[in-house]
Amino acid sequence: MTIEQTYRLIIIIAFIGAFQSTVENIIIAIKYPSFNKFPLKNTSYIANYEKWRAFAFDYPGNWVLLIIRLILAGVILFMGVFNLLNPIVLLLFVIVDMLGFPRWSFLSISDIPLQRVLIIATSIHLFFNDNQISILGLFFIYINLCLAYFAAGWHKIKSPAWRNGAAISKFCFSYVNIKNQDFLNRNKRYWKYIGFGVILFEVGFFLSICGNELLHTFLLCGFIFHAFLTIRCGINFFFWTFIAAYPAVIYVNGWLF
Amino acid sequence: MNLIIVSCFFSIWVLIVAAYAFLNLNKAKNPVRFFINYGWVAKWNMFVPDYNKYINQYHGYAILYRDIQISGSNSKIGQWEKITSWNWKPNMFIINTRGRLIGFNTFISRKLIALNILGKKDLSHADSFKFLCRVVCDIPPSTSANFRQVKFEHIQNKKAEILAQSEFIPLK
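Residues numbered from 1 in each chain as written. Chains lettered and ligands numbered in written order. Predicted model: local features only at pLDDT ≥ 70, side-chain atom pairs only at ≥ 80, totals over all residues. Heavy atoms only, no water.

**So, the overall build of chain B**
Logical step 1: In terms of regular secondary structure, chain B is built from four helices and six strands.
Logical step 2: Each helix and strand of chain B, placed in order from N terminus to C terminus, yields the pattern α-α-β-β-β-α-α-β-β-β.
Logical step 3: For chain B, buried positions account for 47% of its 172 residues.
Logical step 4: Within chain B, counting contacts between residues at least 6 apart in sequence, those at least 24 apart form 47% of the total.
Logical step 5: Looking at chain B as shown, the accessible area adds up to about 9300 Å², and 59% of this sits on carbon and sulfur atoms. (Helix = DSSP H or I, 4+ residues; strand = E, 2+ residues; numbered from the N terminus. Buried < 20%, exposed > 50% of the residue type's maximum accessible area, 1.4 Å probe, protein only. Contact = heavy atoms within 4.5 Å. Areas by Shrake-Rupley, 256 points an atom, 1.4 Å probe, with all protein chains shown as cover.)

**Side note on the overall build of chain A**
Logical step 1: When helices and strands are counted, chain A shows 14 helices and zero strands.
Logical step 2: The secondary structure elements of chain A, listed N-terminal to C-terminal, are α-α-α-α-α-α-α-α-α-α-α-α-α-α.
Logical step 3: Its C-alpha atoms give chain A a radius of gyration of 20 Å, within 12% of the compact-globule value 18 Å for 257 residues.
Logical step 4: Principal axes of the C-alpha set define a box for chain A whose edges measure 50 × 50 × 30 Å.
Logical step 5: Here chain A, with 257 residues, has 58% of them falling under the buried criterion.
Logical step 6: Sequence-distant contacts in chain A: of pairs separated by 6 or more residues, those separated by 24 or more amount to 73%.
Logical step 7: Carbon together with sulfur atoms contributes 69% to the accessible area of chain A, which is approximately 10700 Å² in total. (Rg over C-alpha atoms; globule rule 2.2 N^0.38 Å.)

**What to know about the interface of chain A and chain B**
Many descriptions give the size of an interface as the accessible area lost when the pieces come together.
Logical step 1: Each side of the interface is counted separately: chain A has 76 residues, and chain B has 57 residues.
Logical step 2: With both sides pooled, the region where chain A packs onto chain B buries about 6100 Å², and carbon together with sulfur makes up 70% of that total.
Logical step 3: Together, A:Tyr32, A:Phe38 and A:His155 form the three largest contributors to the area buried by chain A at its contact with chain B, with a combined 12%.
Logical step 4: For the interface between chain A and chain B, the tally reads one salt bridge.
Logical step 5: In this structure, the salt-bridge partner of B:Arg100 is A:Glu24, at a minimum N-O distance of 2.5 Å.
Logical step 6: At the surface where chain A touches chain B, the tally comes to 12 residue pairs in polar contact (both at pLDDT 80 or more).
Logical step 7: The dominant element in the side of chain A that touches chain B, judged by the number of residues it contributes, is helix 8 (residues 131-158) of chain A, at 15 residues.
Logical step 8: Along the lines of polarity and charge, the residues of the side of chain A that touches chain B split into 49 nonpolar, 18 polar and nine charged. (Buried area = accessible area lost by both parts, 1.4 Å probe. Salt bridge = Lys/Arg side-chain N within 4 Å of Asp/Glu carboxyl O. Polar contact = N/O pair within 3.5 Å; in protein donor to acceptor, adjacent residues only side chain to side chain. Nonpolar A, V, L, I, M, F, W, Y, C, P; charged D, E, K, R; others polar.)

**Some thoughts on the nonpolar core**
Logical step 1: By size, the foremost hydrophobic cluster in this structure holds 94 residues, and its most contacted members are A:Phe15, A:Ile141, A:Leu145, A:Phe205 and B:Trp44.
Logical step 2: No other element matches helix 8 of chain A, which puts 13 residues into this core. (Core = buried A, V, L, I, M, F, W, Y, C linked by side-chain atoms within 4.5 Å.)

**Things to note about the pattern of salt bridges**
Logical step 1: According to the stated counting rule, one finds eight salt bridges over all chains in the structure shown.
Logical step 2: A:Asp97 serves as the salt-bridge partner of A:Arg69, at 2.9 Å between the closest nitrogen and oxygen. Separated by 28 residues along the polypeptide, A:Arg69 in helix 4 (residues 61-81) and A:Asp97 in helix 5 (residues 87-99) bring together distant segments of the chain.
Logical step 3: Residue class for A:Arg69 comes out buried when judged on its relative accessible area of 4%.
Logical step 4: Exposure remark for A:Asp97: the relative accessible area of 2% places this residue in the buried category.
Logical step 5: Linking B:Glu153 and B:Lys151 is a salt bridge whose minimum nitrogen-to-oxygen distance equals 3.2 Å. Side by side, B:Glu153 and B:Lys151 carry an identical accessibility label, which is buried.
Logical step 6: Members of the salt-bridge network, linked through shared partners, are A:Arg69, A:Asp97 and A:Arg116.

**Overview of the environment of A:Phe242**
Logical step 1: With respect to the secondary-structure elements, A:Phe242 resides in helix 14 (residues 239-256).
Logical step 2: In this structure, the C-alpha to C-alpha distance between A:Phe242 and A:Leu114, residues 128 residues apart in sequence, is 7.7 Å.
Logical step 3: Among all residues touching A:Phe242, those that are not within four sequence positions of it are A:Leu114, A:Leu145, A:Ala148, A:Tyr149, A:His226 and B:Trp44.

**Structural notes on the confidence of the model for chain B**
Residue and element names in this part refer to chain B.
Logical step 1: In this model, chain B carries a mean pLDDT of 82, and residues with pLDDT of at least 70 account for 85%.
Logical step 2: The secondary-structure element of chain B with the lowest mean pLDDT is helix 2 (residues 33-37), recorded at 81, while helix 1 (residues 2-22) shows the highest, at 93.
Logical step 3: Interface scoring of the predicted complex returns ipTM 0.92; its pTM is 0.91. (pLDDT = per-residue confidence, 0-100.)

So, in structure tokens, the structure goes:
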């Protein structure tokens, strides 16, 4: 893959996710209109210095912003597919996202910081059009992805619930929809092993650029991990953003070896 | 020159991301707050139930509502119903709001439990609870109810304690 193709692939995958998350937010706003209509401006969630952007996160501005976000995500996806990417449009998406952030932060948005990394790195690549800066951008994406995984693993290592398997058991109950408490209690040893497997993957992800074997192993594990969370548990907001960063890991591995 | 500027920019960004992920910078007044409020950093502590005493998911919770039908001097009060998956079946994994709505539940619940642990007893007027009530009232009633009551329970050692309970909220 060339640098250009790598960045295009990153943006295409990331913006499938951005489009999806916007559609989901719109569905929530239609099914539960109060989610968008509840005024946040004078609540404890909003600091005084943030009130200036109430027009964006309170009704009806948040609806307008939601539609703009959807259009921008679609346009960027189109631009990515047809190689027409423009840094201004990418930055516009980030600005829209920042303005409405207090509202969306009530839903699960942990993927947003990594999405911003992908967008800004791509914008810088497009803006400077310099090979060295572009490669630096891909390293930047790789480092941020490793940091995200490592931090997730690190917090799990520190958690007694993850060390004794209780967290996996609770996760299966809440998200995998296994409601049989006997089954959950009987297999504690296996939950512990699965927990260690997840921690090992997350903490060790930075090794993915140490040769093709490790690269393939980690990326395959990552893909299965995120696909399982998406398909089985309905936690689909991490999938596109994390998978979008994988082309950067592939490029960095290829550049080093 | 451009390379140096971009390197510095990326380095500072990585330092901020790492500092927020690994250090305890979640307090209200610190320079990192700006990056939190605008969505530039994350703690990456998803699915860690005992992350700290305020957001410990082992403090179980339940969000319940019941519908009330009042006509003239007659009133019919329904059974408490627990919100589990927001009546949304995960039949499409590409577009599926269930995960986000569970995220909303968790976010609100953590706030209410944290307020309770910090000593605030009456949470019925807390912003989080008001927001929760408004959204719960959007769930279509199964009968021709015209009011709804919402309550939030904190569950510890299989004992439920009511932290907040709303008045009868008129359904639109």
